[in-house]
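Listed here are the chains, written in short residue letters.
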Amino acid sequence: MLALGVIQPSASPWASPVVLVPKKDGSVWFCVDYRKLNAITVSDAYPMPRPDELLDKLGGARYLTTMDLTKGYWQVPLDADARLKSAFITPLGLYEFLTLPFGLKGAPATFQRLVDQLVRGMESFAVAYIDDICVFSQTWEDHVSQVRQVLDRLQGVGLTVKAEKCKVGMAKVSYLGHWVGSSRLKLEPAKVEVIRDWPAPHTKKQVQAFIGMAGYYQRFVPHESAIATPITELCKKGKPDKVVWTEQCQEAFWALKEALVSGPVLANPDFDKPIVVFTDASDTGLGAVLLQEDEKGERYPIVYLSKKLLPREQHYAAIEEECLAMVWALKKLEPYLFGRHFTVKTDHSPLTCLPQMKGANAKLLRWSLLLQDYDMDVVHVKGSANLIADALSRRGGPELPQVTGQSDPTQFSLEGGIDVRM
């Protein structure tokens, strides 16, 4: 960082500790613990762009190019006062940042202000979300010219892009959780594939998990109880633990799955309404669901998530598994959450103290630091109020497709991988 001109020796009265985490490739992940500084920092009210408005612009484009800024935050200089507050302690002395460090509360809004200024005057063919820029055009000739204009603007202000992360002249791209381009706008399959790929249950416990999840949304599914009758009959007292799966059960199963991923149940996000994320972990997997409430207090799911635990993760302590579920889910849902206030609900009460995490557990401390950028409240709920995330965690599932602007969440959770915006 000294060689790159990112830091310099400091005589600041401020100081934050450093956390160094070894990664599996032998390198070290460097993170400054700014939690105390963030606690007394006045929030930057600069608005984050609404993903739905950005996607409306991109959906009808025939040609798209996406660009990812290299080490985005480090391309933003700090003024003298901010440099003093960014100081951190090392065995070699006190240093301070010359550029915007990762982990500061106001960093997302500051960087969004920068990229908005960058594309100002080019809004008809360029949008930006944090460090992800997308150029969209109807004709190839226009696209070549407009990509050149964006690159010239980047060069003019001294910003660089990471070439290997760029997609140039594509008919469609994955952006902010959607497939866009070719005059179409489609939901990312990851939103519904967890439910669509749910296998037929073989035991009474598996039946109860699925029925519990389906029943949670019964007010949105016409005649849900009648449709589910052949399946609920399998849960009656005296029925064998290994269920007899009939053709009627399979038809009801298909009907319920289709109802859960269509119609009024799976909603598009409204960023003017409160956002709630439920997370949960079981012995075999992680689960999460992103919800929003309407004016009547009814909750609509927006995204379902599920992931099977790796063998080494299955040996984690309960609090580590629950914390892993939270970190993994928030990184997956970052386009919906970053720069906005939201609530995380978990049935594991110790996680409510995660923002103040201290002690010798390196995993929990590292994960707590990774979540510094998020403006969130962590709330404990009873297990009976967390049915969906609980059912998804027991389902497990394949690794879901990545969304532009995100990295592999297992890198964060297991190896302390480099920050997603670096």
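Preceding this section is the structure that the text describes.
Residues numbered from 1 in each chain as written. Predicted model: local features only at pLDDT ≥ 70, side-chain atom pairs only at ≥ 80, totals over all residues. Heavy atoms only, no water.

From N to C terminus, the protein includes 14 helices and 17 strands. Summed over its atoms, the accessible surface of the protein is roughly 19,100 Å², and 56% of this surface lies on carbon and sulfur atoms. (Helix = DSSP H or I, 4+ residues; strand = E, 2+ residues; numbered from the N terminus. Areas by Shrake-Rupley, 256 points an atom, 1.4 Å probe, with all protein chains shown as cover.)

Its identity is not glycine, yet Ile130 carries a phi of approximately 55°, on the positive side. Inspection of the secondary structure puts Ile130 in the loop between β7 (126-129) and β8 (132-137). Look at Ile130 and you get buried, because its relative accessible area is 4%. (Buried < 20%, exposed > 50% of the residue type's maximum accessible area, 1.4 Å probe, protein only.)

Moving on to the pairing of β8. Among the 6 residues that make up β8, 6 are buried, leaving the element largely enclosed by the rest of the structure. Neither face of β8 is exposed, since Asp132, Cys134 and Phe136 on one face and Ile133, Val135 and Ser137 on the opposite face are all buried. Both strand β4 (residues 63-68) and β8 contribute to a ladder of 6 bridges, which runs antiparallel. Of the residues in β8, the one forming a bridge with Met67 is Ile133. Bridge count between β7 and β8: 4 bridges; the pairing is antiparallel. Residue Tyr129 lies in a different strand from β8, and its bridge partner there is Asp132. Between β7 and β8, which pair antiparallel and follow one another directly, the connecting turn spans 2 residues, one of which, Ile130, has a positive phi of 55°. (Pairing = 2+ DSSP bridges.)

Another aspect to go through is the packing of aromatic side chains. In this structure the tally under the stated criterion is 13 aromatic pairs. Each ring, one from Tyr63 and one from Trp140, has its centre 5.5 Å from the other, and the planes form 65°; the classification is edge-to-face. Of this pair, Tyr63 sits in strand β4 while Trp140 sits in helix α5 (residues 140-157), and the two are 77 residues apart along the sequence. With a centroid separation of 5.7 Å and an interplanar angle of 65°, the aromatic rings of Trp198 and Phe210 are classed as edge-to-face. Of this pair, Trp198 sits in the loop between α6 (193-196) and α7 (204-216) while Phe210 sits in helix α7, placing them 12 residues apart in sequence. For Phe210, a relative accessible area of 1% gives the class buried. An aromatic cluster of at least three residues, connected via ring pairs, comprises Phe30, Phe88, Tyr95 and Phe97. (Phe/Tyr/Trp six-rings, centres within 6.5 Å; stacked < 30°, edge-to-face > 60°.)

A cluster of nonpolar side chains, namely Trp14, Ile40 and Leu84, defines an oily patch on the protein surface of about 280 Å² accessible area. Structurally, Leu84 can be placed in helix α3 (residues 80-85). (Patch = residues over 30% accessible without salt bridge, like charges linked within 9 Å, V, L, I, M, F, W, Y side chains within 5 Å. Salt bridge = Lys/Arg side-chain N within 4 Å of Asp/Glu carboxyl O.)

Another point: the sheet that holds β8. An order of β7-β8-β4-β9 is seen for the 4 strands of this open sheet, with the pairing classed as antiparallel. What marks the edges here is a single partner per strand, and that holds for β7 and β9 (167-170). Going from strand to strand, the sheet's axes swing by 15° on average, the running direction of each strand aside. Of the strands in this sheet, β4, β7, β8 and β9 are in contact with α5, which crosses β8 at around 150°. (Axes fitted to C-alpha atoms, helices over the stretch in contact; angles between N-to-C directions. Contact = heavy atoms within 4.5 Å.)

Strands sit in the order β15-β14-β13-β16-β17 across an open sheet of 5 strands; the sheet is mixed. Two strands bound the open sheet, and with one partner strand each, they are β15 (299-308) and β17 (375-380). The sheet shows a mean angle of 20° between the axes of neighbouring strands, direction not considered. In this sheet, strand β14 (residues 285-293) lies alongside strand β13 (residues 275-281) in antiparallel orientation, the contact comprising 7 bridges.

Attention shifts here to helix α9 (residues 247-260). An α-helical turn contains 3.6 residues, so any two residues separated by three or four positions project in the same direction. For α9, with 14 residues, the first-to-last C-alpha span of 20 Å sits near the 20 Å given by 1.5 Å per residue. Within the span of α9, buried status applies to Cys249, Gln250, Ala252, Phe253, Leu256, Lys257, Ala259 and Leu260. (Expected span 1.5 Å × (residues − 1).)

We now examine the packing of helix α8 (residues 224-232) against α9. It is at 7 Å that the axes of α8 and α9 come closest, and there the two elements cross at 140°. Looking at the two axes, α8 sits oblique to α9. With respect to the hand of their crossing, α8 and α9 are arranged in left-handed fashion. For the pair α8 and α9, the contacting residues are Glu224, Ile227, Ala228, Pro230 and Ile231 in the first and Gln248, Cys249, Ala252, Phe253, Ala255 and Leu256 in the second. For the contact of α8 with α9, the per-class residue count stands at 9 nonpolar, 1 polar and 1 charged. (Parallel < 35°, antiparallel > 145°, perpendicular 65-115°, else oblique. Left-handed = near helix turned anticlockwise from the far one by under 90°. Nonpolar A, V, L, I, M, F, W, Y, C, P; charged D, E, K, R; others polar.)

Here we take up the packing of helix α10 (residues 318-332) against helix α12 (residues 362-370). Taken N-terminus to C-terminus, the directions of α10 and α12 make an angle of 25°; their axes are 10 Å apart at the nearest point. The orientation of α10 with respect to α12, classified from their angle, is roughly parallel. As α10 packs across α12, the resulting crossing turns out to be left-handed. Counting all contacts with α10, which are made through Ile319, Glu320, Cys323, Leu324, Val327 and Lys331, the residues of α12 involved are Lys363, Leu364, Trp367 and Leu370. Looking at side-chain class alone, the contact of α10 with α12 contains 7 nonpolar, no polar and 3 charged residues.

Don't take any of this as a statement about function, it's just geometry.
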